[in-house]
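Examining the three-dimensional arrangement
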Amino acid sequence: MERVPRETKMAALRRFRGQLPFLLRVNPQRFFDLRGAETNCGIVFCPHVNGELGVWEVAHALGHENCYAGKRPRDFDERRLGRWGNYKLKVQKAFKYNRIQEIVATKSFGMGIDKPNIRYPIHICIPHSVEAFYQEAGRAGRNGKPGYAISAILYSDENWVEAMEIFNEPDHRKAQKKIENVPWNSRGDLLIQLWLLYNTYRGREDEFQNAFDFWETRLRPGLKGLPFGATRLLEISFTRPTRFDDEEEQSTGRVALEKAIFRMVILGILEDYTVDWNTSAFQLRIRNASPLEIKQALRAYLARYKLPATADQMVQSIPENDQEEALRAALRVLIDFVYDEIAAKRKQALRTMAELCRNFRSDRDFREAILAYLQESEFSAELRTWLGRGFDEIGLEKIRDLLGKLSSLDEIKRLVGTTRRMLDEDPANLPLRYLSAVARA
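Residues numbered from 1 in each chain as written. Predicted model: local features only at pLDDT ≥ 70, side-chain atom pairs only at ≥ 80, totals over all residues. Heavy atoms only, no water.

**What to know about the overall build of the protein**
For the protein, the helix and strand inventory stands at 20 helices and 9 strands. Computed over its C-alpha atoms, the radius of gyration of the protein comes to 24 Å, within 12% of the 22 Å expected for a compact globule of 441 residues. In terms of overall dimensions, the protein has a C-alpha envelope of 75 × 70 × 40 Å along the principal axes. The proportion of buried residues among the 441 residues of the protein is 50%. If you take every contact in the protein between residues at least 6 apart in sequence, the share linking residues at least 24 apart comes to 68%. A total accessible area of about 21,500 Å² is found for the protein, and carbon and sulfur atoms account for 49% of it. (Helix = DSSP H or I, 4+ residues; strand = E, 2+ residues; numbered from the N terminus. Rg over C-alpha atoms; globule rule 2.2 N^0.38 Å. Buried < 20%, exposed > 50% of the residue type's maximum accessible area, 1.4 Å probe, protein only. Contact = heavy atoms within 4.5 Å. Areas by Shrake-Rupley, 256 points an atom, 1.4 Å probe, with all protein chains shown as cover.)

Set out below in structure tokens:
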């Protein structure tokens, strides 16, 4: 882990990359050569597709065009290089079979690739969670040779105070506004990742309105005349962005539409869907679900995350005698759950990763902190019983008793790591927050 100023991040990447032969004790004159299965392959992970830290610009800054991302980069020239979908698959295949030495990619790359000669993953921005870092770092060194691979994060710490204010801001729109007030090129890693997070979760009311409008204008007319339980096929076209702009696609294009579709799958209004990229259309199998079926579908989804009694309580207020009112109420419950549980956990996981980077002291300490977070410890069983419980239930005495049992620095490290992991599961848990703060003091 290396802390670098935001404005020098690309220079730091080129410098660190140039040091790799010496860090890995390999002949620098041949380190980047293609040598079949003996090629010293590497992955540079970028936080997004476009911009200064996007895959296309970073690849060019490193002297090649070997990049991979889910969507087409804004500056990608299809007239010269062909369709993006074909191009990225060709690059992935070339990397897999050692026809290129390095690939620049977003987190969408590499799942399922078991390549033994990857020697370096470099993150030019912090990953969004400890698990993500562990998974992406784990794509290197799979041949089991000691000292074969090195993983790095180039971390920029700017705007930490502003980022903490955003974490603590309960109003989603105000938080988004605070991010937008910081110029893009001045944002440190945490603000970059927060922007990506808030661009995914754009606000409860916006998401509710998007999903309900989709029901009113697209699905309800298609279900007209169908008895409860019956299905039919429906095709819905989507608009591709006129510019390759994340903001436009998130708010008006395929991404917003697919998010609404996914909500309807959860509620049992849609049985399944596929995307036809040639015609820019979704193929949907819609189902005329009764109010009770909508309620039961949501309850089944919530029960994957909550105790059965809690799931029952969450859907209790959904009416069973009117389809539209049932859908409206179910959507409210679903979207509140997404923001209170899923989005909150993603924010906490990002905060944990950022704190580990900010508090970096040495490679050894960093590695120990990562392992303390990921591994079960002697504190795991007890702290797991604290999940979902308030300060009054746990009590200050129990926290003091736990802290009083600590007798070594290693125990403290394991407690801090376990507490961080539990907080990622239950971000609003006050006893865990108090324990974490005291243990780290």
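**Here's the deal with the nonpolar core**
Of all hydrophobic cores here, the largest spans 119 residues; its most connected members are Leu 190, Leu 194, Leu 219, Met 264, Leu 284 and Leu 298. Per element, the largest residue contribution to this core is 16 residues, and it comes from helix H14 (residues 323–358). Leu 383, Trp 386, Leu 402 and Leu 406 belong to the second largest nonpolar core, which has 14 residues in total. (Core = buried A, V, L, I, M, F, W, Y, C linked by side-chain atoms within 4.5 Å.)

**Describing the pattern of salt bridges**
Using the criterion set out here, one finds 36 salt bridges in the structure. For Arg 220, the salt bridge is made with Glu 324, and the minimal N-O distance between the two is 2.3 Å. With Arg 220 in helix H9 (residues 204–223) and Glu 324 in helix H14, this residue pair connects regions lying 104 residues apart in the sequence. Linking Arg 351 and Glu 355 is a salt bridge whose minimum nitrogen-to-oxygen distance equals 3.6 Å. Residue Arg 351 and its partner Glu 355 are located together in helix H14, separated by 4 residues, close to a single helical turn. (Salt bridge = Lys/Arg side-chain N within 4 Å of Asp/Glu carboxyl O.)

**Points about helix H19 (residues 409–425)**
Three or four residues apart is the spacing at which side chains of an α-helix point the same way, because the helix has 3.6 residues per turn. If you check H19, its first and last C-alpha atoms are 25 Å apart, about what 17 residues at 1.5 Å a residue would give, namely 24 Å. Looking at the buried side of H19, the elements it contacts are H14, helix H15 (363–374), helix H16 (380–384), helix H18 (396–404) and helix H20 (430–440). (Expected span 1.5 Å × (residues − 1).)

Just distances and angles here, no functional claims.
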